[in-house]
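# Examination of the molecular architecture
Each chain, letter by letter, is given below.
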Amino acid sequence: MRLYETTFIVNPQTDDASIDRQVQTVTELITNHGGKIVREDRMGTRRMMFPVGGLIQGYYASIIFEGSTSLLPELERLYKIEDAYLRYLTILYEGDPEANKAARDAFASAFEERDDRRGGGDRDDDRGGRFRGGRRDRYDRGDRYERNDRGPRPAPRGDSGPADRPAPATGPSES
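Keep in mind it's a predicted model, so treat the numbers as computed, not measured.

### Some remarks on the packing of aromatic side chains
Following the criterion strictly, the structure yields five aromatic pairs and no others. Look at Phe8 and Tyr85: their rings are 5.6 Å apart centre to centre, the planes differ by 85°, and that puts the pair in the edge-to-face class. Note that Phe8 is positioned in strand β1 (residues 2–10) and Tyr85 in strand β4 (residues 85–92), a separation of 77 residues in sequence. Residue class for Phe8 comes out buried when judged on its relative accessible area of 0%. A network of ring pairs unites the aromatic residues Phe8, Tyr79, Tyr85 and Tyr88 as a single cluster.

### Things to note about the side chain of Gln22
Within the secondary structure, Gln22 is located in helix α1 (residues 16–32). Judged by relative accessible area, Gln22 falls into the buried class, the value being 13%.

### Focus: the pattern of salt bridges
Once the charged atoms of two side chains with opposite charge are near each other, the side chains can pair. Counting across every chain of the model gives three salt bridges. The salt bridge partner of Arg42 is Asp20, with a shortest N-O separation of 2.7 Å. With a gap of 22 residues between them, Arg42 in strand β2 (residues 36–52) and Asp20 in helix α1 connect regions that are remote in the sequence. For Glu76, the salt bridge is made with Lys80, and the minimal N-O distance between the two is 3.3 Å. Of this pair, Glu76 and Lys80 both sit in helix α2 (residues 71–81), separated by four residues, roughly a single helical turn. The class of Lys80 is exposed, set by a relative accessible area of 57%. A cluster of three or more residues bridged by salt bridges with shared partners is formed by Asp20, Glu40 and Arg42.

What counts, and where the lines are drawn
Residues numbered from 1 in each chain as written. Predicted model: local features only at pLDDT ≥ 70, side-chain atom pairs only at ≥ 80, totals over all residues. Heavy atoms only, no water. Phe/Tyr/Trp six-rings, centres within 6.5 Å; stacked < 30°, edge-to-face > 60°. Helix = DSSP H or I, 4+ residues; strand = E, 2+ residues; numbered from the N terminus. Buried < 20%, exposed > 50% of the residue type's maximum accessible area, 1.4 Å probe, protein only. Salt bridge = Lys/Arg side-chain N within 4 Å of Asp/Glu carboxyl O.

Set out below in structure tokens:
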């Protein structure tokens with residue numbers, strides 16, 4: 001038996017009973033196939049990085065479980081069949097789940113505090129359109145490069161070709 005973590009996003013537009021039922025379906029599938037739930041973490045409704053199916057929020061849940069490899073295709077089949085699951089990811093979990101819980105909780109609280117300081121929410125108003133959270137697109141160099149309003153660039157130093165070399169002297173030199 002190996003230790004796995006499955007994280008999934010459920011459509012938040014349904015009622016709370018439906019969301020609980022979707023999470024319960026995943027846990028029942030794991031236990032019915034001989035798996036053991038180590039930890040279940042319901043993170044709640046959060047803003048997604050990009051819209052999925054026209055939705056900008058999703059209900060996040062994560063489950064760490066012990067199970068065999070034959071359980072993984074069944075779990076993926078469930079995620080694909082049900083329309084309520086927007087996104088999912090199942091990975092092999094390495095480390096101690098109890099030790100990592102404190103570090104993850106500290107990171108989540110620091111992340112939420114940072115959003116509160118920034119004002120949180122959508123940055124569409126003054127941060128360059130569809131890029132949220134202050135990210136820049138790959139063509140916006142920001143302050144790293146300044147604009148070139150100072151005219152032409154200086155000529156490169158060193159040997160740049162035969163036109164810059166003086167002509168060699170031919171014949172005797174007269175003094």
